[in-house]
Amino acid sequence: MSNRNTFILENVRIFTGDEFIDNGYVYVKDGTIEEVKAGSSPDRIQLHAPIRSYSGYSVIPGLIDSHIHALSGNMASIEQSLRFGVTTVCDMHNNPDDNERLKKLAAGPEYKSLYADFKCAGLGALIPGGWPIPVIKKKFSHSGKSDSDLAEYTASWPNLSVPEDAVPFVEQQVKQNGASYIKMFHEVGDTVGMNLPLPSPDLQKAVVDAAHQLGVVAVGHALSYQGTMVLLRAGVDGLTHIFCDEPPSDDYIALMKETGAHCNPTLGLVASQTDEGRELFEWFMEDPLSERLLMSRAAYRPHGLASSQKPKSSIKHARANTRALYKAGVPILAGTDASGTGVGLPYGLGLHMELYALIHHAGLSVADALRSATSIPADRFKFHDRGRIEKGKKADLVLIKTDVAEFLEDRQNRLMPLAAVFRNGTVAAPYERFWNWGTRT
């Protein structure tokens, strides 16, 4: 009874990651979900755990941000994320030393109340002069760093040239750098006003094949229709963005269906690139709970690399393409591309903005939007120990002070009213007072 990560949440509406249970209980034992059912908890378990009754509240799985960058090992990537109910973050290209430090902190039992879990791709499959050097340069300039700082930061980045480079590159990421998946890039540059060098299709296919040989998925970056189609033909398992330079097309949707690929649209990132995201950003930043949970506040600063290409590049295209994929049954993942540099979306809070956009701008149902940040990324990235509230999974949970479905359906609502966040059954530090004095029966 004294174990703080053993408890029962009762009289709550539960989203399991697959479906809603209107009124039920979740029994957490030693940080792992032991039982989830409708109705009241039975006497046989009430003797073994303190009961917390929260009538009118909801509980959902801990959120997964499928796309972040913890540049320079930014601690807010795991600390601020957890504050907002994001219990797992997926870094999509970062220096291995920084990744290793964040992974160690996230894995420490004494830090479960402070940090989200950290997954990574290691370093991305880069070519000389290609993406993401231009965007990293802009982020460094906003942080007051020089070109020499950029050169030092990128000195260890790989430069792939031929298909034969793929196997050693992938082996290095998985076996040495602890990658859970592989990140690729095929940024043509036309959507952001640039002309960039590109990997060959044969090289891209070789990277995908090498990833699959080691049992991990390969996901790819492209902001244009042209780049997206190259990645899909190479066999990529998922896209880390939706393209924004063309409206929906039948051939694109057919190829997504044929390959079984998923899409992480990053609608907030696209709006930042086209400089069309200010209103939503500022509205969420003004939420009183946001103001309390943010580690620091920053004014809206868009990426803006695609702003000169409007109307060819537009958030309208991105939303329409996401809507078309969703209607076609393509798996949608929620991710932010947050980087902690003051440009684009903030860690943690940005995922709530993305869920809002998926529901109210791209037409996802509330249940499917929640799936996009819980069970679907867990399935796609093979994180089999999380993403659902079911027996045997990690007790990564978010307790919400209302009916979560009704709240998210109302476009007048912003940040979900978080009551508590748990990682492996341990309450996150900002919520300890609520948990210590919460309702008990």
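Residues numbered from 1 in each chain as written. Predicted model: local features only at pLDDT ≥ 70, side-chain atom pairs only at ≥ 80, totals over all residues. Heavy atoms only, no water.

If you check an unreviewed UniProt entry, the protein chain appears there as Amidohydrolase-related domain-containing protein from Pestalotiopsis fici.

Chemist: Looking at this structure, how should I read the packing of aromatic side chains?
Modeler: Aromatic rings in a pair are described by how distant their centres are and how their planes are angled relative to each other. Applying the stated criterion across every chain, the model contains 15 aromatic pairs. Between the aromatic rings of Tyr54 and Phe434, the centroid separation amounts to 5.7 Å while the plane-to-plane angle is 25 degrees, which identifies the pairing as stacked. Highlighted residues: Tyr54 in the loop between β4 (51-53) and β5 (58-61) and Phe434 in helix α18 (residues 432-436), separated in sequence by 380 residues. Accessibility expressed as a relative area gives 2% for Tyr54, which makes it buried. Taken together, the ring pairs in this structure connect Phe7, Phe422 and Trp435 into an aromatic cluster. (Phe/Tyr/Trp six-rings, centres within 6.5 Å; stacked < 30°, edge-to-face > 60°. Helix = DSSP H or I, 4+ residues; strand = E, 2+ residues; numbered from the N terminus. Buried < 20%, exposed > 50% of the residue type's maximum accessible area, 1.4 Å probe, protein only.)

Chemist: I tried to follow the sheet that holds strand β9 (residues 181-185) on my own but got confused; where do I start?
Modeler: As summarised here, the arrangement of the four strands in space is β9-β10-β11-β12, forming an open sheet in which the pairing is parallel. Unpaired on one side and paired on the other, β9 and β12 (262-263) mark the two borders of the sheet. (Pairing = 2+ DSSP bridges.)

Chemist: When you look at the pairing of strand β1 (residues 7-15) in this model, what are you seeing that I'm missing?
Modeler: Looking along a regular strand, one sees side chains alternate from face to face of the sheet. With eight of nine residues buried, β1 lies mostly within the body of the structure. Inspection of the sheet shows β1 paired to strand β2 (residues 20-29) by seven bridges, in the antiparallel sense. Paired with Ile14 across the bridge in β2 is Ile21. Once β1 ends, the chain turns through four residues before running back antiparallel as β2, passing Gly17 with a positive phi of about 105 degrees. Direction of pairing for β1 relative to β4: parallel, over a ladder of three bridges. For Glu10, the partnering residue across the bridge sits in β4 and is Ser53. Here two bridges tie β1 to β5, and the two strands are oriented parallel to one another. Each residue of the ladder has a partner; that of Ile14, found in β5, is Val59.

Chemist: Help me understand the pattern of salt bridges, please; the structure alone is not making it clear to me.
Modeler: Pairs can form between side chains of opposite charge whenever their charged atoms are close. All chains considered together, the criterion is met by 17 salt bridges. Taking the shortest distance from any N to any O, the salt bridge between Glu35 and Arg44 comes out at 2.9 Å. Residue class for Glu35 comes out buried when judged on its relative accessible area of 11%. Between Asp385 and Arg386 there is a salt bridge, with its nearest N and O atoms 2.9 Å apart. Overall, the relative accessible area of 29% leaves Asp385 in the partly exposed class. (Salt bridge = Lys/Arg side-chain N within 4 Å of Asp/Glu carboxyl O.)

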